[in-house]
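Next come the chains, spelled out residue by residue.
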Amino acid sequence: MTRVLVVDDDPLVRSALSLMLGGQPDLDVVGEAPDGRVAIALTAKLRPDIVLMDIRMPVLGGLEATRELHRRSDPPRVIVLTTFDADEHVVGALAAGADGFLLKDTPPPEIVAAIRTVVAGDPMLSPTATRTLIERLRRETGDDRVASARTALQALTDRELDVAREVGHGLSNAEIAARLHLSVPTVKAHVSRVFDKLQVTNRVQIAILVHDAGME
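Model, not experiment: these values are computed from the prediction. Throughout this description, residue numbers start from 1 for each chain and increase along the sequence as written. In view of the model being predicted, local features appear only for residues whose pLDDT reaches at least 70, and side-chain atom pairs are presented and counted only at 80 or more, with totals across whole chains, interfaces and linings using the full set of residues. The basis for every side-chain value is the complete set of heavy atoms in the structure, and neither hydrogens nor water enter the calculation.

J.: Please set out the overall build of the chain residue by residue, giving values where relevant.
T.: When its secondary structure is counted, the chain shows 11 helices and 6 strands. For the chain, the proportion of its 216 residues judged to be buried stands at 49%. Across the chain, every contact between residues at least 6 apart in sequence was considered, and the portion connecting residues at least 24 apart equals 65%. Carbon and sulfur atoms make up 52% of the accessible area of the chain, which totals about 10300 Å². Under the scheme used here, helices are H or I runs from DSSP no shorter than 4 residues and strands are E runs no shorter than 2 residues, and both carry numbers assigned from the N terminus. Any residue under 20% of the maximum accessible area for its type is buried, any over 50% is exposed, and the rest in between are partly exposed; the area is computed with a 1.4 Å probe on protein chains only. We call two residues contacting when some pair of their heavy atoms lies within 4.5 Å. Only the protein chains shown count as covering a residue, and every accessible area follows the Shrake-Rupley method with a 1.4 Å probe.

J.: Give a description of the packing of helix H1 (residues 11–22) against helix H5 (residues 108–119) that names residues and reports values.
T.: An axis is simply a line fitted to the C-alpha atoms; with a helix, the fit covers only the stretch in contact. Between two such axes, the angle follows the N-to-C directions and lies from 0 to 180 degrees. In the contact formed by H1 and H5, the axes pass within 11 Å of each other and the chain directions differ by 70°. On the basis of the axis angle, H1 is roughly perpendicular to H5. Between H1 and H5 the crossing geometry is right-handed. Across from Leu-17, Met-20 and Leu-21 in H1, the residues of H5 making contact are Pro-108, Ile-111, Val-112 and Ile-115. Comment on the angle field: the value is read as roughly parallel under 35 degrees, roughly antiparallel over 145, roughly perpendicular from 65 to 115, and oblique elsewhere. In this scheme, a crossing is called left-handed if the near helix is turned counterclockwise away from the far one by less than a right angle; it is called right-handed if the turn is clockwise.

J.: Talk me through the sheet that holds strand S3 (residues 50–53); I want residue IDs and the actual numbers.
T.: Should DSSP find at least two bridges between two strands, the strands are taken to pair. Strand order in the open sheet formed by 6 strands is S2-S1-S3-S4-S5-S6, and the pairing between neighbours is parallel. Looking at the sheet topology across the chains shown, the edges are occupied by strand S2 (27–33) and strand S6 (124–125). The pairing of strand S1 (residues 2–7) with S3 spans 4 bridges and is classified as parallel. Paired with Leu-5 across the bridge in S3 is Val-51. On top of the sheet, helix H3 (residues 62–69) reaches S3 and strand S4 (77–82); it is set at about 165° to S3, its chief contact.

J.: Go over the nonpolar core with me, naming the residues and quoting the values.
T.: Leu-156, Ile-176, Leu-198 and Ile-206 are the most contacted members of the largest nonpolar core, which totals 21 residues. Considering each element in turn, this core owes the most residues, 5 residues, to helix H10 (residues 184–198). For Ile-176, the contacting residues outside a window of four places in its chain are Val-163, Glu-166, Val-167, Leu-171, Val-187 and Arg-203. Only buried residues count toward a nonpolar core, which is a set of Ala, Val, Leu, Ile, Met, Phe, Trp, Tyr and Cys residues joined through side-chain atoms within 4.5 Å.

J.: So what's going on with the pattern of salt bridges? Residues and values would help.
T.: A pairing counts as a salt bridge when a side-chain nitrogen of Lys or Arg comes within 4 Å of a carboxyl oxygen of Asp or Glu. In the structure shown here, the tally under the stated rule is 11 salt bridges. In this structure, Arg-159 engages Asp-162 in a salt bridge whose closest nitrogen and oxygen atoms are separated by 3.5 Å. With a gap of 3 residues between them, Arg-159 and Asp-162 both fall in helix H8 (residues 158–168), about one helical turn apart. Overlapping salt bridges, with partners in common, bring together Asp-8, Asp-54 and Lys-104 in one network.

Keep in mind that these numbers describe shape and distance, not what the molecule does.
Have a look at this one:
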């Protein structure tokens, strides 16, 4: 069973998510938290495998809570649930180490699928949210940022750059393997090396670098 902690300041959202996830045979909602401070305390007590984290909350927001959780020796995986257009902190949340990024209007089956994907070790990014994020960053990209991204990507081999481009398109490891005619373990190895060489913590950061560099 995958142990899930639901964190949102809206009790109706918490109840809806808990009800939806509680009906899945492989998911166990072990607790709910109304803010990031309570989420950190409950994580220490309940040891969830995954935390569904709202961003804008009183007392302690999701950005700070995610960063705090990822400082721990054995952190849970975190999926950020947010209304992107109203949230100016999502880039910071991803930089803090979120493993998934979904909009709150994501259909329930896709939220369930995202949890399973993240638990299996593959970060999950909503395609719609990723496109929105990339477009926003592209509008904000300056010459220094382009040069910095291109310099960073020069550390990759040709095959690693191919993989990084596909990550930038939002593809999973299995989809990348099919497109590049590689095995899934080989893709995972390449992705791991890309993470190390670029010194990033999630796939969105790879996508940002690829798009900043104009190497889509």
